[in-house]
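Fold and geometry: a report
In case you want the letters, here they are:
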Amino acid sequence: QVQLVESGGGLVQAGGSLRLSCAASKSILSINAMGWYRQLPGKQRELVAAITSGASRNYADSVKGRFTISRDNAKNTVYLQMNSLKPEDTAVYYCYADTRARAYWGQGTQVTVSS
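Residues numbered from 1 in each chain as written. Predicted model: local features only at pLDDT ≥ 70, side-chain atom pairs only at ≥ 80, totals over all residues. Heavy atoms only, no water.

1. Quick notes on the packing of aromatic side chains
Keep this limit in mind: Pairing of aromatic rings covers Phe, Tyr and the six-membered ring of Trp, with a centre-to-centre limit of 6.5 Å; geometry is then stacked below 30 degrees between planes, edge-to-face above 60, and tilted otherwise. Numbering of helices and strands runs from the N terminus, with a helix taken as a DSSP run of H or I at least four residues long and a strand as a DSSP run of E at least two residues long. To sort residues, take the accessible area from a 1.4 Å probe on protein chains only and compare it with the maximum for the residue type: under 20% means buried, over 50% means exposed, and anything in between is partly exposed.
Following the criterion strictly, the structure yields three aromatic pairs and no others. Centre to centre, the rings of Tyr37 and Trp105 are 5.2 Å apart; their planes meet at 70 degrees, and the pair counts as edge-to-face. Placement of Tyr37 in strand 4 (residues 33–39) and of Trp105 in strand 10 (residues 103–105) is noted, with a sequence separation of 68 residues between them. The exposure class of Tyr37 is partly exposed, given its relative accessible area of 23%.

Right, here's the structure in full:
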């Protein structure tokens with residue numbers, strides 16, 4: 001079992017920055033991959049960024065060059081630094097952890113970017 005607790009969402013103006021945090025209840029060294037998805041009302045969740053246990057990173061084309069995913073193994077935490085935010089980045093952001101056996105999800109955190 002892995003519990004994920006997200007924080008860092010909020011309201012920001014276009015062009016601003018936010019950093020999301022996802023704290024896991026166990027060592028993330030044992031987790032195959034972690035990352036962030038986002039979901040707009042009535043839409044499917046889409047992958048935003050992911051990072052593997054070997055620190056390989058993957059980003060959605062829409063956020064490349066603006067978002068950076070990182071991990072702090074000592075704190076069992078994954079971060080998503082979001083810069084140059086756009087109104088179209090507005091969504092609920094969900095942290096996930098892929099343990100190979102199954103995927104775990106956080107409760108979601110709202111990010112709202114005003115124009």
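Picking up where we left off.
2. A few points about the environment of Cys22
As a reminder of what qualifies: We call two residues contacting when some pair of their heavy atoms lies within 4.5 Å.
As for its placement among the helices and strands, Cys22 is situated in strand 3 (residues 18–24). The sequence separation of Cys22 and Tyr79 amounts to 57 residues, and the corresponding C-alpha distance is 6.3 Å. Beyond its immediate chain neighbours, meaning those up to four positions away, Cys22 contacts Leu4, Val5, Glu6, Met34, Trp36, Asn76, Thr77, Val78 and Cys95.

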